[in-house]
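# Structure at a glance
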Amino acid sequence: MRATLERQRAACMAELPVSAAIRKDRLRRSLNLVLENEDRLVEALSEDYGHRSPIQSQLADIMGTVKPLRQALTEVERWMKPERRKVDLPLWLLGARARVEYQPKGVVGVISPWNFPVFLTFGPLAEIFAAGNRAMVKPSEHTPATAALMRELAEAAFDEDELAVFTGGVEVGKAFSQLPFDHLIFTGSTALGREIQRAAASNLVPTTLELGGKSPAIIGSSANLQRTCDRLVAGKLLNAGQVCLAPDYLLVPAAHERAIIEGLQAAAAAMYPSIHDNPDFCSLINARHRERLRGLVDDARDKGAELTVVNPGGETLDQPGSNKMALHLLREVTSDMRVMQEEIFGPVLPVITYERIDEAIAYINARPRPLGLYYFGEDQAEQTKLLERTIAGGVTINDVIYHGVTNDLPFGGVGESGMGAYHGFDGFRTFSHAKGIYTQPRVDLAKLAGLVPPYGDKSRKSLEMQIGKPER
Ligand code: NAD
C-alpha cells in the first residue's frame, strides 16, 4: 500500500497542473464503471446482505453514486476557476492583486463502511477526481463480494496509480489508516473515527470523518400525521434502518403519541405487507448485527419499555440463515436503556414524548450532536426555534435523509457525528488545497508609507491611520 501511495503521489506531481480534461476523463470512467456494471453491483450487494432490495440498491448505491459523478462532470470547470479576493484599497489602486487557486491535494485515502458500499466508496471519487487527486480506497470486509467486484472494476478501468482498491479486514484497515495520505476520508462509526483520527494525526493527515450517532426526528403538533408517519417509515426501513441518517428516535407531543404509533404501524404494513419473502425488505447485514439489535430491544423491555412489533403477516422471522427483522417500536423508553445510548442502525424506533417543544430541544442538547435532525410540522416559529437552538450536522424538514442526498449541500457531521464535509463544491474544496496567492505591484508602498526602517514620524502616522480608532 505504501509503494502504491508513493507511485500515486509521484504520478500526481508529474501531472501538475491537472487539466479539466484529465479530471473529466477520470470522472467519466468512474461513471461508466458503475453504469456498465449496474446489475453485477446490485447482485453483489444482495449476496453480501443475504437479501437486499434491488430497487433500494439502485436508489442508494447506483443513483447515489452516479448523480455526484455527473454533477462533478458538469461543474468541474467552474469549480476549478481561481477566485479573486480583496486587498486593502491603497494596495489595490496601486495594482496589488490577491487570488485563490485550487490545487489537488495529491493522494486521497477513502475508508468506507458496509451499509452503502458503492455509494460511500465510489461516490467520494466525484469530488476527489474533480479536485485533480489520485485515490486509494479500502471498502468494508463485511461486504466482501461488493468489495471484490469494486476492486476488479477499478483495476479494469484505471491504472493503479490513479485509483487503487485494497480489500481486507481490520488489519488492512489499520495499516491503511496509518499511511501518510494527503487527505483521508473515513465513513464509519464514531468509535472507529477516534482511532482513525489518532492514526492520521501521527502523519498530520487532514481528515474528513463521516460518522454516525443518534439522529432525532421531532414531530410538531402542527404536523400532518399520516404524511409524517409515511415518510418516517420509508426512511427508517430503507436498507432495514442501516443508514447513518436514519431517524434514530422520535420526539412526539404526548397528546399525539397513540396516533403516531398507529400511523407508523399502518404505514409499515402498507409498504411491507410481508417481510420474510418480500423482495422489497432488506436483510440485516449479518447474524451478529441482528443479535446486537435484539439485545437492544431485550434490554429496553427488561427495563420497562413497551414493545410493538410490526409484523402484519404474523410471520416467524427467526428462520435459520435469515437476518430479516421487522420494525420494532418502543414506548416508555428511558435514558438508562442501551437503545437510548447507542446508535441503533436497524429497524428499531424508540418513541419519546414531550409536552413543550423546549423539552424536546433540551433532550437533544443534553446528548452528543447528531448527524441529522428532522422536524415535521407547519409551525414556522417552532421550526425556527428548533433549528436555531440545536446543533446538528444537517437538517431535513418534513422528511428524513434528503439533505444528505442533495448534492449541492455540504454533507457532514459535527462533534461526535463527524468533522468536515463533502458533496458538490464543498467536496471539491475539501479535497483541494486552497492556495492564496498575492502579487505585489511595482510601487514599493511599504517604503512610501514609512513601514521599512529607519522608522520615524511617517511610520507612526501611517500606522495610526491604518490601525484606526475604536468603533462606537
Ligand atoms: P465498518 O465496520 O464497515 O467499518 C468501516 C471501515 O473501517 C471498514 O472498511 C473497516 O474495515 C475499517 N476498519 C475497521 N477497523 C479499523 C481500524 N481499527 N482502523 C482502520 N480501519 C478500520 O463500518 P461501521 O463502522 O460498522 O459502519 C457503520 C457506521 O458507519 C455507523 O455508525 C454509521 O452511522 C456510520 N456511517 C456514517 C455515514 C456518514 O456518511 N456519516 C455513512 C454510512 C455509515
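Residues numbered from 1 in each chain as written. Predicted model: local features only at pLDDT ≥ 70, side-chain atom pairs only at ≥ 80, totals over all residues. Heavy atoms only, no water.

### Side note on the pairing of strand β7 (residues 207–210)
Burial along β7 is two-sided: T207 and L209 facing one way and T208 and E210 facing the other are all buried. Strand direction decides the pairing type here: strand β6 (residues 183–187) and β7, joined by four bridges, are parallel. Bridged to T187 within β7 is E210. For the crossover that starts at β6, traverses helix α10 (residues 190–201) and ends in the parallel β7, the hand is right-handed. Sheet analysis places β7 next to strand β15 (residues 418–419), joined by two bridges and oriented antiparallel. Within the sheet, the bridge partner assigned to L209 lies in β15 and is M419. (Buried < 20%, exposed > 50% of the residue type's maximum accessible area, 1.4 Å probe, protein only. Helix = DSSP H or I, 4+ residues; strand = E, 2+ residues; numbered from the N terminus. Pairing = 2+ DSSP bridges. Right-handed = clockwise from strand over helix to strand, strands pointing away.)

### Observations regarding the domain arrangement of the protein
Segmentation of the protein into domains returns domain 1 (2–211 + 421–433) and domain 2 (215–412). Computed over C-alpha atoms only, the centres of domain 1 and domain 2 are separated by 30 Å. Between domain 1 and domain 2, the residue contacts involve 24 residues of the former and 28 residues of the latter. Together, the buried faces of domain 1 and domain 2 total about 2,000 Å²; carbon and sulfur atoms form 53% of this surface. (Domains from an automatic or database assignment. Contact = heavy atoms within 4.5 Å. Buried area = accessible area lost by both parts, 1.4 Å probe.)

### Concerning the site of the ligand
Inspection of the region around the ligand gives 30 residues, with K138, S140, E141, L211 and E343 positioned closest. At 2.5 Å from an oxygen atom of the ligand is found a side-chain nitrogen or oxygen belonging to E141. Taking G188, its main chain carries an N or O atom lying 3.3 Å from an oxygen atom of the ligand. Of all elements in the fold, only α9 (170–177), β6 and α10 reach the threshold of two or more residues within the shell around the ligand. (Near = heavy atom within 4 Å. Polar contact = N/O pair within 3.5 Å; in protein donor to acceptor, adjacent residues only side chain to side chain.)

### Here's the deal with the pattern of salt bridges
For the structure shown, the criterion picks out 33 salt bridges. Measuring nitrogen to oxygen at the nearest pair gives 3.6 Å for the salt bridge that ties R194 to E416. With R194 in helix α10 and E416 in the loop between α16 (402–405) and β15, this residue pair connects regions lying 222 residues apart in the sequence. One salt bridge in this structure joins R356 and D358, with 3.0 Å as the shortest N-O distance. Judged by relative accessible area, D358 falls into the partly exposed class, the value being 27%. (Salt bridge = Lys/Arg side-chain N within 4 Å of Asp/Glu carboxyl O.)

### A short note on the sheet that holds strand β10 (residues 306–310)
Taken together, seven strands build an open sheet; the order of strands is β10-β11-β12-β9-β8-β13-β14 and the sheet is mixed. A single partner strand is all that each edge strand has here, and the edge strands are β10 and β14 (394–397). Mean inter-strand twist for the sheet, computed between neighbouring axes without regard to direction, equals 20 degrees. Here strand β9 (residues 249–253) pairs with strand β12 (residues 348–354) via four bridges, running parallel. Directly across from P253, in β12, lies its bridge partner Y354. Where helix α15 (residues 380–389) meets the sheet, its contacts fall on β8 (216–219), β13 (372–376) and β14, and the angle it forms with β13 comes to roughly 165 degrees. (Axes fitted to C-alpha atoms, helices over the stretch in contact; angles between N-to-C directions.)

### Comments concerning α9
Among the residues making up α9, those that are buried are G173, F176 and S177. The buried residues of α9 occupy one face: seen down the axis, they fall within an arc of 90 degrees. Contacts from the buried residues of α9 go to β3 (107–111), β4 (134–138), β6 and α10. (Arc of directions from axis to C-beta.)

### So, the environment of L35
Residue position: L35 is located in helix α2 (residues 20–35). A C-alpha to C-alpha distance of 9.4 Å links L35 and M63, two positions 28 residues apart in sequence. Excluding residues within four positions of it along the chain, L35 makes contact with V66 and R70.

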